[in-house]
Amino acid sequence: VQLQASGGGLVQAGGSLRLSCAASGHTFRTYAMGWFRQAPGKEREFVAAISRSGVTTYYADAVKGRFTIPRDNAKNTVYLQMHSLKPEDTAVYYCAATPSYDTGSYYSITPYNYWGQGTQVTVSS
């Protein structure tokens, strides 16, 4: 599966932004999806993930209550809706797909086989 992330940009602290990740092919619904981010000089970190059906979601503590990760299997797209953005949310955001059913692994980069190209999010103070 090929992933194309979009929607990044510059936003003021407290603002909102929605990222999109469009997947090619007819197998999107067979993958759990995740969003990760990487700030300059830091390791890539988990942000959020969603199960194949969209019923179950997973969030990093740093974004819980501010971000949501809906998906639309009919459109082969997963989103990252971000509210109450903070300067520390500034990073390149990546979407990723995993065929793994080990939900405990969704918080690490290890099970994700496919990655989008990344989209820059900059939050100004």
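Thresholds applied
Residues numbered from 1 in each chain as written. Predicted model: local features only at pLDDT ≥ 70, side-chain atom pairs only at ≥ 80, totals over all residues. Heavy atoms only, no water. Helix = DSSP H or I, 4+ residues; strand = E, 2+ residues; numbered from the N terminus. Buried < 20%, exposed > 50% of the residue type's maximum accessible area, 1.4 Å probe, protein only. Disulfide = S-S within 2.5 Å. Salt bridge = Lys/Arg side-chain N within 4 Å of Asp/Glu carboxyl O.

Glancing now at unusual backbone geometry. One non-glycine residue, N76, lies in positive phi territory at about 55°. On the secondary structure map, N76 appears in the loop between β8 (71-72) and β9 (77-82). Judged by relative accessible area, which is 18%, N76 ranks as buried. Notably, S84 is not glycine yet its phi reads approximately 50°, a positive angle. Turning to its location among the elements, S84 is positioned in the loop between β9 and β10 (91-98). Using a relative accessible area of 40% as the deciding quantity, one classes S84 as partly exposed.

All right, on to the state of the cysteines then. Tallied over the entire structure, the rule returns one disulfide. A disulfide bridge connects C21 with C95, and the sulfur atoms are separated by 2.1 Å. Sign of the S-S torsion, about 65° for the bond between C21 and C95, identifies this disulfide as right-handed. Within this pair, whereas C21 is found in strand β3 (residues 17-23), its partner C95 is found in strand β10, the two being separated by 74 residues in sequence. Its relative accessible area of 0% is what places C95 among the buried residues.

Another aspect to go through is the pattern of salt bridges. If you walk through the whole model with that rule in mind, you get four salt bridges. One salt bridge connects E45 with R37, and the closest N-O pair in it is separated by 2.6 Å. A relative accessible area of 37% places E45 in the partly exposed class. The salt bridge partner of R66 is D89, with a shortest N-O separation of 2.8 Å. Of this pair, R66 sits in the loop between β6 (57-59) and β7 (67-68) while D89 sits in the loop between β9 and β10, and the two are 23 residues apart along the sequence. The residues R66 and D89 share a single accessibility class, namely buried. A single salt-bridge network, built from bridges that share partners, covers R37, E45, R66 and D89.

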